[in-house]
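Chain and residue survey
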Amino acid sequence: MAQGPRPSRPRVIVTRALPESIEARMAELFDAATNPGDVALTRDQLAAAMADCDVFVPTVTDRIDAALIQAAPDRLRLIANYGAGVGHIDLKAARERGITVTNTPGVLTEDTADMALALILAVPRRLVEGDELVRQGAWKGWAPTSMRGHRIGGKKLGILGMGRIGQAVALRARAFGLQIHYHNRHRLPQVLEAQLGATWHGELDSMLEASDILTIHTPHTGTTSGLIDARRLDLLGPKGWLINTARGEIVDNEAMIAALTEGRIAGAGLDVYVGEPAVDPRLIALDNVVLLPHLGSATFEGREDMGVKVIANIRAWSDGHRPPDQVLDGWV
């Protein structure tokens, strides 16, 4: 793609409704078009939007595949994703077209870690079941054997992906008496391991065998798709719990449902799904699963900060600089 001058007031199209303050700031700085109805765009609408802008701002609900990128005119030069994960964007196709891709890392760390810990507590202690029992008028009062769950303190927490979010989860989990184990492509410095009280496993299988609870904090890429399959769920075992606040595709959905149904794992806490917003009805029917509607980043502060990052990336790009949050080849 030919690289001409970048527009000082680029045409920006946003696929979903963003916080009002972010949309107002975009209107001041750019020739911006937003989506006030906040309905996910169809594939044809995505293609039309990409053909009419210099900067395209999608979210996780938009699948920007190679065909859409290849069909986009040379005018499209930046995809400024509203969100940290970029598994819904074909990065290889974007790179081949000379289109820069940015994301919004860092600002969601604390919010996502909070949500992961909430699920780590909710699933073994059966909090949602208890809430439903009270709301349905079925609670008959305290009893020694009623609604027993499992103690968190002393359990071994396996963290898959020890980046910003994984480390934030480890810090929180230590306060609850959990023992921290982790698997990462690269081992953390020993000083940081000591601060987190974390034990590194060079092999994922080793960590799963050692863990009572698995929490997932790795990006969805070609190498992590279906990473937690039937064999690895069996390594977690019938007393193990699965927590996923990353991406649904990292776990083999059929294998997970089978393991939950057959008691080969004890339960799951899920904030993300394959094919969301659709949720497999077999998951909904299970009482050993806590299901949330992708709430990991759903704080007023987090969504505002995401928008600020998007604007900063667009402004840097428009000024001829490398955007601060440019996604590099290592994501592909």
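Within every chain, residues take consecutive numbers counted from 1 along the sequence as written. Per-residue local features of the predicted model are confined to residues with pLDDT of at least 70, and side-chain atom pairs are confined, for both listing and counting, to 80 or more; whole-chain, interface and lining totals are unaffected and use all residues. Each side-chain value is derived from all of the structure's non-hydrogen atoms; neither hydrogens nor water enter the calculation.

1. Brief notes about the packing of helix 5 (residues 109-125) against helix 7 (residues 164-175)
Our working definition: Angles run from 0 to 180 degrees between N-to-C directions of axes, and those axes are lines fitted to C-alpha atoms, restricted for helices to the stretch in contact. Numbering goes from the N terminus for both helices and strands, where a helix is a DSSP run of H or I of at least four residues and a strand is a run of E of at least two. Angles are sorted into four bins: roughly parallel if under 35 degrees, roughly antiparallel if over 145, roughly perpendicular if 65 to 115, and oblique for all others. Left-handed describes a crossing whose near helix is turned anticlockwise from the far helix through less than a right angle; right-handed describes the clockwise counterpart. Every residue pair with non-hydrogen atoms within 4.5 Å of one another is taken to be in contact. In this classification, Asp, Glu, Lys and Arg are treated as charged, Ala, Val, Leu, Ile, Met, Phe, Trp, Tyr, Cys and Pro as nonpolar, and every other residue, Gly included, as polar.
Taken N-terminus to C-terminus, the directions of helix 5 and helix 7 make an angle of 50 degrees; their axes are 9 Å apart at the nearest point. Judged by the inter-axis angle, helix 5 sits oblique to helix 7. Where helix 5 crosses over helix 7, the two elements pack in a sense that is right-handed. Mapping the contact onto sequence places Thr 109, Glu 110, Thr 112, Ala 113, Asp 114, Ala 116, Leu 117 and Ile 120 in helix 5 and Arg 164, Ile 165, Ala 168, Val 169, Arg 172 and Ala 173 in helix 7. Class assignment of the residues belonging to the contact of helix 5 with helix 7 gives a composition of eight nonpolar, two polar and four charged.

2. Thoughts on the pairing of strand 10 (residues 241-244)
Applied cut-off: The classification of residues rests on relative accessible area computed with a 1.4 Å probe and restricted to protein chains. Under 20% of the type maximum is buried, over 50% is exposed, and intermediate values are partly exposed. Strand pairing is assigned whenever DSSP identifies at least 2 bridges connecting the two strands. Every crossover in which the path from the first strand over the helix to the second runs clockwise, viewed with the strands pointing away from the viewer, is termed right-handed.
In strand 10, alternate side chains face the same way, and those of Trp 241 and Ile 243 on one face and Leu 242 and Asn 244 on the other are all buried. With four bridges connecting them, strand 9 (residues 213-216) and strand 10 associate as parallel partners. Paired with Ile 213 across the strands is Trp 241, a residue of strand 10. Handedness of the strand 9-helix 10 (residues 230-236)-strand 10 crossover: right-handed. Both strand 10 and strand 11 (residues 267-270) contribute to a ladder of four bridges, which runs parallel. Among the inter-strand pairings, Asn 244 is bridged to a residue of strand 11, identified as Leu 270. As for the winding sense of the linkage, the β-α-β connection from strand 10 through helix 11 (residues 253-261) to strand 11 is right-handed.

3. As for the UniProt feature "domain: D-isomer specific 2-hydroxyacid dehydrogenase NAD-binding" (unreviewed entry) in the protein chain
Selection rule: UniProt positions are given in the numbering used here, feature names are shortened, and annotations may be inferred rather than shown by experiment.
UniProt's entry tags residues 117-296 with the feature "domain: D-isomer specific 2-hydroxyacid dehydrogenase NAD-binding" (unreviewed entry), counted in the numbering of this structure. Its end C-alpha atoms 11 Å apart, residues 117-296 is made of 36% helix and 16% strand.

4. Some words on the UniProt feature "domain: D-isomer specific 2-hydroxyacid dehydrogenase catalytic" (unreviewed entry) in the protein chain
The feature "domain: D-isomer specific 2-hydroxyacid dehydrogenase catalytic" (unreviewed entry), as given by UniProt, occupies residues 24-327 in the numbering adopted here. Within the segment residues 24-327, helix and strand shares are 39% and 13% respectively, and the terminal C-alpha atoms sit 26 Å apart.

5. A word on helix 5
To keep it simple, the criterion reads: Given a helix with a known number of residues, its expected span is that number minus one, times 1.5 Å.
Compared with the 24 Å implied by 1.5 Å per residue over 17 residues, the 25 Å span of helix 5 between its first and last C-alpha is a close match. Burial analysis of helix 5 places twelve of its 17 residues in the buried class, the great majority of the element. If you check which residues of helix 5 are buried, you get Thr 109, Asp 111, Thr 112, Ala 113, Met 115, Ala 116, Leu 117, Leu 119, Ile 120, Ala 122, Val 123 and Pro 124. In the segment just after helix 5, Arg 126 is the residue with positive phi, at about 60 degrees.

6. Regarding the environment of Ala 258
Its location among the elements puts Ala 258 in helix 11. Since its relative accessible area comes to 23%, Ala 258 is described here as partly exposed. Separated by 42 residues in the primary sequence, Ala 258 and Ile 216 place their C-alpha atoms 19 Å from one another.

7. Things to note about the pairing of strand 1 (residues 11-14)
A two-sided burial pattern is seen for strand 1, the buried positions comprising Arg 11 and Ile 13 on one face and Val 12 and Val 14 on the other. As paired strands, strand 1 and strand 2 (residues 31-33) are joined by three bridges and run parallel to one another. Following the sheet pairing, Ile 13 is matched in strand 2 by Ala 33. Following the chain from strand 1 across helix 1 (residues 20-29) to the adjacent parallel strand 2, one finds a crossover that is right-handed. Where strand 1 and strand 3 (residues 55-57) come together, three bridges link them in parallel fashion. Among the inter-strand pairings, Ile 13 is bridged to a residue of strand 3, identified as Phe 56.

8. Topic: the pattern of salt bridges
Formally: Salt-bridge detection follows one rule: a side-chain nitrogen of Lys or Arg within 4 Å of a carboxyl oxygen of Asp or Glu.
Under the defined criterion, the tally for this structure stands at 21 salt bridges. The partner of Asp 114 in a salt bridge is Arg 172, with the nearest N and O atoms 2.7 Å apart. Taken together, the residues span a long stretch of sequence, with Asp 114 in helix 5 and Arg 172 in helix 7 at a distance of 58 residues. Given the relative accessible area of 42%, Asp 114 is considered partly exposed. Asp 131 serves as the salt-bridge partner of Arg 135, at 2.7 Å between the closest nitrogen and oxygen. With Arg 135 and Asp 131 both in helix 6 (residues 127-135), this residue pair falls four residues apart, about one helical turn. A residue is classified by how much of its surface remains accessible, and Arg 135, at 68% relative accessible area, is exposed. Given the relative accessible area of 35%, Asp 131 is considered partly exposed.

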